[in-house]
Amino acid sequence: MATERQSSRGKRWLTYGGLGLCGVAAGLPFVWMLLASFMTEGETLRRVLLPEQVQWANYVLAWKEADFGLYFKNSLIIAVMQVGGTLLFSLMAAYPLARIPFRGREVVFVVILGTMMVPEMVTTGPNFLLINWLNRHSPIPWLNNWPALTIPFMASAFAIFLLRQFLRGIPGELWEAARMDGAGHLRFLLQIALPLCRAPLLTVGMFTFIGSWNSLAWPMLVTNTPEWRPISVGLQQFVSEAGAEVHLQMAGAVVSTLPVLLVYFLIQKEFTEGISLSGLKA
Amino acid sequence: MKKIPLREQAIAWGFLSPALLVLLVFGIWPIAYALYISLHRWRIKQEAFIGVDHYVRALSDPGLFNGFKVTLFYALGTIPAEMVLSTGLACLLFNILRGKGFFRVLYFLPYITPVIASAVVFRTLFSPHPSSLANRFWVFWGFENQRWLYENKSAVALGLKALGFSTYPAWVDTFFPSLALVSVILYNIWVYVGYDTVILLAGLSAIPRQYYEAAEIDGASPWQSFCQITLPLISPTLFFLATVAIIGTFKAFNHIYILRTPGARDTTDVLSVVIFDQIFQNHNSGYAAALAFILFIAILVLTLVQNRVLGRRVFYGD
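Residues numbered from 1 in each chain as written. Chains lettered and ligands numbered in written order. Predicted model: local features only at pLDDT ≥ 70, side-chain atom pairs only at ≥ 80, totals over all residues.

Draft legend 1. A look at the overall build of chain B. For chain B, the count of helices and strands is 15 helices and two strands. A principal-axis box enclosing the C-alpha atoms of chain B has dimensions of 80 × 75 × 35 Å. The contacts of chain B with a sequence gap of at least 6 include a subset with a gap of at least 24, amounting to 68%. (Helix = DSSP H or I, 4+ residues; strand = E, 2+ residues; numbered from the N terminus. Contact = placed C-beta atoms within 7 Å.)

Draft legend 2. Structural detail: the packing of helix H11 (residues 198–214) of chain A against helix H14 (residues 246–266) of chain A. Residue and element names in this part refer to chain A. Between H11 and H14, the shortest axis-to-axis distance is 11 Å and the interhelical angle comes to 170°. Considering their axes alone, H11 and H14 lie roughly antiparallel with respect to each other. Together, Met206, Phe209, Ile210 and Trp213 of H11 and Val260, Val263 and Tyr264 of H14 make up the contact between the two elements. Looking at the contact of H11 with H14, its residues break down into seven nonpolar, no polar and no charged. (Axes fitted to C-alpha atoms, helices over the stretch in contact; angles between N-to-C directions. Parallel < 35°, antiparallel > 145°, perpendicular 65-115°, else oblique. Nonpolar A, V, L, I, M, F, W, Y, C, P; charged D, E, K, R; others polar.)

Draft legend 3. How the structure looks around H11(A). Taking 1.5 Å of rise per residue, 17 residues should cover 24 Å, and H11(A) covers 24 Å from first to last C-alpha, within 8% of that figure. Along H11(A), 13 of the 17 residues are buried, which leaves the element largely enclosed by surrounding structure. (Expected span 1.5 Å × (residues − 1). Buried ≥ 20, exposed ≤ 12 C-beta atoms within 10 Å, placed from the backbone.)

Draft legend 4. Spotlight on unusual backbone geometry. Residue and element names in this part refer to chain B. Even without glycine at this site, Trp148 takes up a positive phi of about 45°. Note on placement: Trp148 falls in the loop between helix H6 (133–140) and helix H7 (155–162). Notably, His283 is not glycine yet its phi reads approximately 50°, a positive angle. Residue placement: His283 occurs in the loop between helix H14 (271–280) and helix H15 (285–313).

Draft legend 5. Expanded view of the nonpolar core. A:Ala93, A:Ile160, A:Leu163, B:Ala19, B:Ile275, B:Ala292 and B:Leu295 are the most contacted members of the largest nonpolar core, which totals 161 residues. Among the elements that take part in this core, helix H9 (residues 179–205) of chain B stands out by supplying 15 residues, more than any other. Two domains each provide a minimum of three residues to this core, namely domain 1 (6–53) and domain 2 (67–313) of chain B. Look past the residues within four positions of B:Leu295 in its chain and what remains in contact with it is A:Pro119, A:Met121, A:Val122, B:Phe250, B:Leu271 and B:Ile275. (Core = buried A, V, L, I, M, F, W, Y, C linked by C-beta atoms within 7 Å. Domains from an automatic or database assignment.)

Draft legend 6. Region of the structure containing the interface of chain B and chain A. Taken residue by residue, the interface counts 77 residues in chain B and 73 residues in chain A. A total of 19 residues in the side of chain B that touches chain A trace back to one element, the largest contributor, which is helix H1 (residues 6–38) of chain B.

Draft legend 7. Fine view of the domain arrangement of chain B. Residues and elements named next belong to chain B. Split by domain assignment, chain B resolves into domain 1 (6–53) and domain 2 (67–313). Between the C-alpha centres of domain 1 and domain 2 there is a distance of 33 Å. Listed as interface residues are 10 residues of domain 1 and, on the opposing side, nine residues of domain 2. When contributions to the side of domain 1 that touches domain 2 are tallied by element, the ones reaching two or more residues are H1 and strand E1 (40–42). Per-element tally for the side of domain 1 that touches domain 2: the top contributor is H1, with five residues. Of the residues that constitute the side of domain 1 that touches domain 2, the class distribution is six nonpolar, two polar and two charged.

Draft legend 8. Spatial organisation of the environment of A:Leu261. Residues and elements named next belong to chain A. Its place among the elements puts Leu261 in helix H14. Judged by C-beta crowding, with 15 C-beta atoms within 10 Å, Leu261 ranks as partly exposed. The spatial distance from the C-alpha of Leu261 to the C-alpha of Ile210 is 10.0 Å, given a sequence separation of 51 residues.

Draft legend 9. Quick look at the pairing of strand E2 (residues 46–49) of chain B. Residues and elements named next belong to chain B. Bridge count between E1 and E2: two bridges; the pairing is antiparallel. Paired with His40 across the two strands is Phe49, which belongs to E2. Counting the residues that bridge the hairpin from E1 to E2 gives three residues. (Pairing = 2+ DSSP bridges.)

Here you go:
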């Protein structure tokens, strides 16, 4: 008995040891990013692990001189528009795919799923030409402006798929009951389905937010002035131009990470639930 | 089949139309448009029709061939390692009582963090400077400083050098990934293992406990129950993750664009980066479209083959 208990205790140590080691590997780059962002330039070049004095000035420099304030605001506006558009249009599209057996439903669904397979780089070139054309022919400019940065991303196949799976799970009796009460599809969607879709909507919103915050190639093509430049492009240019100013690079990296982490911690529970859903067989 | 009232049909299409419009215009139409563009000389605007000239050029372009090679190295370097590591971690996490939530959040952080930010951090972690964390770690174990992301020689060649071989055949650099690409692969593993672990954990929780109890009564070892129960039952999830990862390799752009360095560019540029350079730097939309179309066909074929070969082996129960 004693040896068995010992072996189970040993096993527990091994388990936590393995988990802890991987945890350190996962967390170390964050720790380093944060520490280096508070160092002086000299400290980042010497073999220093801790800054002697916390250099808040790095953040002021990055925010003002490297224009991160402006880029940050741009990224935020772009992300809010993309998330709002995606949630609205994807929920609207998912509803009939889940609940109205209209003609051609299967074909539409397959076409929508098909767009998930197409890598961004296949559509980037043609879309850039298309945006140039729209820029010349529409009343508002598309290049260096919000339309090019937001409108092409206002629907996502993944969002539609996830929301459809979820809407299909709502019992049919609810719909029958709502119809008895004289509710149409729109009212059913807004008053009954919408409140039930909290977790998948937050998940889809989070994914859209991350995708928007990350996008680099497309904004590099459609913005050539700082006016609408997002933080991803700002940081990329800062890294390729500034060279060795590691302390400022890290301050910029921290600034661009914070909003995403903040949103993640706020909706962590629903998000984990939502993405776990996406991996299970439908 | 019951006839669906016209009004219902109209409502359905009305609900669908905004999303469908965006996806058709910016997701489907560009594929056909890419084919059209690729058949023309096309820099800033449309010029002469040149037929399949761009495709002929692409097939003899070392850049395209190299892009495919790097993409293949990248896929082979990341996907198996991610699957094994995340399965292991998910099993460990599944069996603990305390701290499960903590580890799950921690492992998930790299996936959530903006790619640009974490790639910038890795650029400094894997810099050739002697004070970079990678070099400090490496030197701690008694090895020499490395150039990491700036190194275009293959990791195997460097190993041979360390063992005292001063010369080695040229194919060692051709058939193995460069140390720069290995660094990119490490970054990719760091990002995705946590995501895969969280999804696999959900898969593990869905396995009925009784299976394991029955196996234990029959005297099965933990390893046997893992191979006979766990693995078959999470194989659909693994298949899903592998599919996402393979498509991800072909989509990979952001972090590679940040992590590429002047000296090792040819050894880290996957196809997407090669295509983007044609659009962004050479302003050659025609040729870029041809490359993009080839990439699209490659993915289409790969997905079909994967579904045929791997999809059949996946165990979905009955």
